[in-house]
Amino acid sequence: NAGVTQTPKFQVLKTGQSMTLQCAQDMNHNSMYWYRQDPGMGLRLIYYSASEGTTDKGEVPNGYNVSRLNKREFSLRLESAAPSQTSVYFCASSESPRGSPLHFGNGTRLTVT
Amino acid sequence: GESVGLHLPTLSVQEGDNSIINCAYSNSASDYFIWYKQESGKGPQFIIDIRSNMDKRQGQRVTVLLNKTVKHLSLQIAATQPGDSAVYFCAETGFGANSKLTFGKGITLSVRP
């Protein structure tokens, strides 16, 4: 039981390049989330998927898109990376969208030059 | 807007002593609270949660206390160990349809041998 798995662990992009961050969970959770973590800013919600087939914007969605591929997988895409998107990205899942704890992956450390 | 915050940025304790980490929240409608532990290079790890109909909840070596009157949450760690050294942060949410988990910025717990 791996929990939440994120790939890749590290990535360096040039400004303007695109990439997709992958996330999969094996806990049969309904809800999945993407957060970014920056020094002094805490965890900020980018997008979430309350259940398979739905996605919604979080606090900081600009510059990102998501796809809930199936119940297990939730990907985050950067279409045209910018230095402001340098961050650590965490995927999380929870049994339900409210009232249950989030379980996090170990993150993707992204640097945009 | 509503926010979750922590009183102190760092806390240093002697191994074997009890640790108390405090958190203030501002949203009086919050009714679900979670404590997370984050070790260097890893994702946040769920420690314990509490709902607003409770004042206290205990886990293994950890206790969470909730004071709704003053909107204060605390995490007590008994017999602190070197492995407890990490960043700790609280998170809160309501049960409303659009409520999302709001995270505090974190406090570093350093355990002195």
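Everything discussed here concerns the structure shown above.
To start, this report covers the structure provided alongside it. Please read these numbers as outputs of a predicted model, since none were measured by experiment.

**Focus on the overall build of chain A**
When you go through chain A residue by residue, the secondary structure sums to zero helices and eleven strands. If you list the helices and strands of chain A from N to C, you get β-β-β-β-β-β-β-β-β-β-β. Expressed as lengths along the three principal axes of its C-alpha atoms, the size of chain A is roughly 35 × 25 × 25 Å. Long-range contacts, defined here as pairs at least 24 residues apart, represent 55% of the contacts in chain A between residues at least 6 apart. Surface exposure of chain A reaches about 5,200 Å², of which carbon and sulfur atoms provide 47%. Separation between the mean location of the 11 positive side-chain charges and that of the 8 negative ones in chain A comes to 5 Å.

**Focus on unusual backbone geometry**
The step from threonine 7 of chain A to proline 8 of chain A runs through a cis peptide bond, and the omega angle for that step is -5°. Tracing the backbone shows proline 8 of chain A in the loop between β1 (4-7) and β2 (10-13). Notably, lysine 71 of chain B is not glycine yet its phi reads approximately 55°, a positive angle. Positionally, lysine 71 of chain B belongs in the loop between β7 (62-67) and β8 (72-77). Under the relative-accessibility criterion, lysine 71 of chain B is labelled partly exposed at 27%.

**Concerning the state of the cysteines**
Under the definition given, this model contains two disulfides over all chains. The disulfide bridge from cysteine 23 of chain A ends at cysteine 91 of chain A, spanning 1.9 Å between sulfur atoms. Across the S-S bond linking cysteine 23 of chain A and cysteine 91 of chain A, the dihedral sits near -75°, which makes this disulfide left-handed. With a gap of 68 residues between them, cysteine 23 of chain A in strand β3 (residues 19-25) and cysteine 91 of chain A in strand β9 (residues 87-94) connect regions that are remote in the sequence. Across the pair, cysteine 91 of chain A and cysteine 23 of chain A agree in class, each one buried. Across the disulfide from cysteine 23 of chain B sits cysteine 90 of chain B; the S-S distance is 1.8 Å. Negative torsions about the S-S bond denote left-handed disulfides, and the value of about 45° found for cysteine 23 of chain B with cysteine 90 of chain B makes this one right-handed. A residue pair is termed long-range when its members are at least 10 positions apart, and cysteine 23 of chain B in strand β3 (residues 19-25) and cysteine 90 of chain B in strand β9 (residues 86-93) qualify at 67 residues. Classification of cysteine 90 of chain B by relative accessible area gives buried; the value is 1%.

Quick notes on the rules
Residues numbered from 1 in each chain as written. Chains lettered and ligands numbered in written order. Predicted model: local features only at pLDDT ≥ 70, side-chain atom pairs only at ≥ 80, totals over all residues. Heavy atoms only, no water. Helix = DSSP H or I, 4+ residues; strand = E, 2+ residues; numbered from the N terminus. Contact = heavy atoms within 4.5 Å. Areas by Shrake-Rupley, 256 points an atom, 1.4 Å probe, with all protein chains shown as cover. Lys, Arg positive; Asp, Glu negative; His and termini not counted. Charge placed at Lys NZ, Arg CZ, Asp CG, Glu CD. Buried < 20%, exposed > 50% of the residue type's maximum accessible area, 1.4 Å probe, protein only. Disulfide = S-S within 2.5 Å.

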